[in-house]
Amino acid sequence: MQAVILAGGYGTRLAPLTYTKAKPMLPLLNKPMICYIIDALPSGTEIIVASNYRNDEIEEYFEENGINAIINNEPQPLGTGGAVKYAEKYIDGTFLVLNSDIISSLNFRKFIQYHMKKEAIVTISLWPVKNVEEFGVVDILSDGRIRKFVEKPSKEQAPSNLINAGAYCMEYEVLDYISPNKFVSMEMDIFPKIIDDGKPFYGYTFNGYWIDVGRFLSYIEATKILLKEKGLKYLVGENCKVSGVLKTSTLGNNCEVGKNALVKNCIVYDNCKIGENVEMENCIIAENCVIEENVRLKDVVVGEEERIEKNAIIENKKIWSKPLPEGYPKKQIGNPLKRRK
Ligand code: GDD
Ligand code: MG
């Protein structure tokens, strides 16, 4: 069976981190997030990575780490549906489609079995949330059949609190619904069409955890959950020098944390220097940053190669002092909240 991992798009909600790194390569406990999805797949699954923006990073990492996958690069982002169609030549039957910014305890074997038992053409994984507006929401019958799918509805329009958890099991015939070489959204264009056609479209709920890592706070939340799962209070990469205190945080390789510094609920990438007496909470610091002494940071995201001058007090801010990388969109394009005109 093949699994198409949707790893394209610019990850605009995670800028400035995504100015210098592909979203699926952002580290979670010092390992690219895409690896968690790959590790959870049943052995023998053929992996197709649907990518575009910064695809060479994914390719390079897979090569270096012996991860076997087809990297299928779209000439330009084709959307969540267009990217699957673009992988058609590699698909030969029932297949999986997976968002790459989700960490979950979904058991793929049970998920596939459920899909087979229901004789569905599409089965999507579902998860309950309070705020449904940023997700795809379903209207589901008691036997699991979905009769409506609405992408990013208003609170009033949302048919339930069950959202699309970003993993699908599909039959080959779904590919016939998608026009080739065009921007197509699976959620907006294809799912509603399949349901309207009266085809068996099912939802699968599961227990455990589900986190959308495509947003800052949930990225930090995912780190905390994974640390807890592994029984770790924090994680320190290779060749680090830690004199301060780390709480539920991760530190990449070659980092320094000075005396009396407190790093709480933070993700720090490789090669960062955190000075003495720094206090940081709920922060993400990208590679090669220097946070000078006595700095206070709360809810701050610092892009690659930035320096925060000593004694600075910063709250709730994204730090990026350089020009936007060439070609990076000014606003979200992949799967926007509102349909593009
Ligand atoms: N190859 C490719 N090409 N991948 C893409 C493209 C594209 O043009 N656009 C987006 N992706 C990838 C993203 O990298 C991500 O892994 C996945 O497709 C979904 O896109 P997002 O941009 O992250 O969508 P979202 O978070 O707004 O909404 C989606 O995820 C929710 C769950 O987190 C939808 O599937 C919702 O229905 C769902 O509830
Ligand atoms: Mg997302």
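So, here is what we can say about the structure in this document. All values derive from a computational prediction rather than experimental measurement.

Some points on the pattern of salt bridges
So, step 1. Within the structure shown, the criterion is met by 15 salt bridges.
So, step 2. Close ionic contact of R147 with D139 constitutes a salt bridge, the shortest N to O distance being 3.1 Å.
So, step 3. With relative accessibility at 54%, the residue R147 sits in the exposed group.
So, step 4. Among the ionic pairs, E292 bridges to R307, the shortest N-O distance being 2.6 Å. Residue E292 is found in the loop between β24 (290-291) and β25 (296-302), and its partner R307 is found in strand β26 (residues 307-308); the two are separated by 15 residues along the sequence.
So, step 5. Look at R307 and you get partly exposed, because its relative accessible area is 47%.
So, step 6. Here the salt bridges share partners, and the residues they tie into one network are E134, D212 and R215.

Observations concerning the state of the cysteines
Two cysteines joined by a covalent bond between their sulfur atoms form a disulfide.
So, step 1. Overall, the coordinates contain zero disulfides when judged by the stated rule.
So, step 2. The closest cysteine sulfur to the non-disulfide-bonded C240 is located on C255, 4.7 Å from its own sulfur.
So, step 3. Classification of C240 by relative accessible area gives partly exposed; the value is 24%.

Section: the site of ligand 1
So, step 1. Lining the immediate surroundings of ligand 1 are 30 residues, of which G8, E74, E151, K152 and E187 lie closest.
So, step 2. Between ligand 1 and the protein, one listed contact pairs an oxygen atom with a side-chain N or O atom of N99 at 3.1 Å.
So, step 3. With the chains in place, 98% of the 740 Å² that ligand 1 exposes on its own is no longer accessible.
So, step 4. Of all the secondary structure elements, the ones that give two or more residues to the shell around ligand 1 are β4 (46-51), α3 (79-86), β11 (162-170) and β13 (210-212).

Topic: a nonpolar patch on the surface
So, step 1. A grouping of Y234, V236 and V242 is seen on the molecular surface, where their side chains present a nonpolar patch of about 220 Å² in accessible area.
So, step 2. Mapped onto the elements, V236 comes out in strand β14 (residues 235-236).
So, step 3. V236 sits in the partly exposed class, given a relative accessible area of 32%.

So, the side chain of S125
So, step 1. Assignment of secondary structure puts S125 in strand β8 (residues 122-128).
So, step 2. Residue classification places S125 among the buried positions, given a relative accessible area of 1%.
So, step 3. Beyond its immediate chain neighbours, meaning those up to four positions away, S125 contacts L106, F111, I163, N164, A165, G166, A167, Y204 and F206.

Topic: the pairing of β11
So, step 1. Burial analysis of β11 places nine of its nine residues in the buried class, the great majority of the element.
So, step 2. Pairing geometry for strand β6 (residues 95-99) and β11, over four bridges, is antiparallel. Bridge pairing in β11 places F95 opposite M170.
So, step 3. Of the pairings in the sheet, the one linking β8 to β11 comprises six bridges and is antiparallel in character. Across the sheet, the residue bridging to P128 is L162, located in β11.

Here's the deal with unusual backbone geometry
Leave glycine aside and you will find that most residues have negative phi; peptide bonds, for their part, are mostly trans.
So, step 1. In this structure, P16 follows A15 across a cis peptide bond, with omega equal to 5 degrees.
So, step 2. On the secondary structure map, P16 appears in the loop between β1 (2-6) and β2 (27-28).
So, step 3. Positive phi, close to 55 degrees, is recorded for R54, a residue that is not glycine.
So, step 4. Along the polypeptide, R54 turns up in the loop between β4 and α2 (55-64).
So, step 5. Residue classification places R54 among the partly exposed residues on the basis of a relative accessible area of 27%.
So, step 6. A positive phi angle is found at N277, which is not glycine, with a value near 60 degrees.
So, step 7. Among the structural elements, N277 can be located in the loop between β21 (273-274) and β22 (279-281).
So, step 8. By relative accessible area, which is 29% here, N277 ends up partly exposed.

Quick look at the packing of aromatic side chains
So, step 1. Throughout the structure, instances matching the rule amount to twelve aromatic pairs.
So, step 2. Measuring from ring centre to ring centre gives 5.1 Å for F191 and F201, while their planes differ by 75 degrees; the resulting arrangement is edge-to-face. On the criterion of sequence distance, the pair formed by F191 in helix α5 (residues 186-196) and F201 in strand β12 (residues 201-205) is long-range, its members being ten residues apart.
So, step 3. You can call F191 buried: its relative accessible area is 0%.
So, step 4. Above the ring of Y86, the side-chain terminus of K89 is found at 5.4 Å from the ring centroid.
So, step 5. When the ring centre of W320 is taken as origin, the NZ or CZ atom of K322, which lies over that ring, is 4.3 Å away.

A look at the sheet that holds β24
Sheet strands pair via backbone hydrogen bonds, and the direction of the pair is either parallel or antiparallel.
So, step 1. On the basis of which strands lie adjacent, the open sheet formed by five strands has the order β15-β18-β21-β24-β26 and parallel pairing. Of all strands in the sheet, those with a lone pairing partner are β15 (241-242) and β26, marking the two edges.
So, step 2. Both β21 and β24 contribute to a ladder of two bridges, which runs parallel. Considered in β24, the bridge of I274 is made with I291.

Rules and cut-offs
Counting from 1, residues in each chain are numbered in the order their sequence is written. All chains are assigned letters beginning at A, and all ligands numbers beginning at 1, according to the order in which they are written. Restriction of local features to residues with pLDDT of at least 70 applies here, the model being predicted, together with a cutoff of 80 or more for giving and counting side-chain atom pairs; totals for whole chains, interfaces and linings are based on all residues. As a rule here, side-chain values cover all heavy atoms of the structure and leave hydrogens and water aside. The term salt bridge refers to a side-chain nitrogen of Lys or Arg lying within 4 Å of a carboxyl oxygen of Asp or Glu. Partly exposed describes any residue whose relative accessible area lies between the buried limit of under 20% and the exposed limit of over 50%, with all areas from a 1.4 Å probe on protein chains only and scaled to the type maximum. Under the DSSP-based scheme used, a helix requires at least four consecutive residues in state H or I and a strand at least two consecutive residues in state E, with every element numbered from the N terminus. Disulfides are defined as pairs of cysteine sulfur atoms found within 2.5 Å of each other. Being near a molecule or strand, for a residue, comes down to having at least one heavy atom within 4 Å of it. Each polar contact in these results corresponds to two N or O atoms within 3.5 Å; when the atoms are within protein, one needs to be able to donate a hydrogen and the other to accept it, and residues that are neighboring in sequence are counted only if both atoms are side-chain atoms. Note on areas: these come from Shrake-Rupley sampling with a 1.4 Å probe, and a residue is covered only by the protein chains present in the view. Residues with no salt bridge and a relative accessible area higher than 30% make up the patches, which join like charges within 9 Å and nonpolar side chains (Val, Leu, Ile, Met, Phe, Trp, Tyr) within 5 Å. Contacts between residues were defined by any pair of non-hydrogen atoms, one from each residue, lying within 4.5 Å. Paired strands, as defined in this entry, are two strands with at least two bridges between them according to DSSP. Each Phe, Tyr or Trp ring, with Trp reduced to its six-membered ring, pairs with another whose centre is within 6.5 Å; inter-plane angles below 30 degrees give stacked pairs, above 60 give edge-to-face pairs, and intermediate values give tilted ones. Counting as a charge over the ring demands two things of the Lys NZ or Arg CZ atom: a distance within 6 Å of the ring centre and an angle within 35 degrees of the ring normal.

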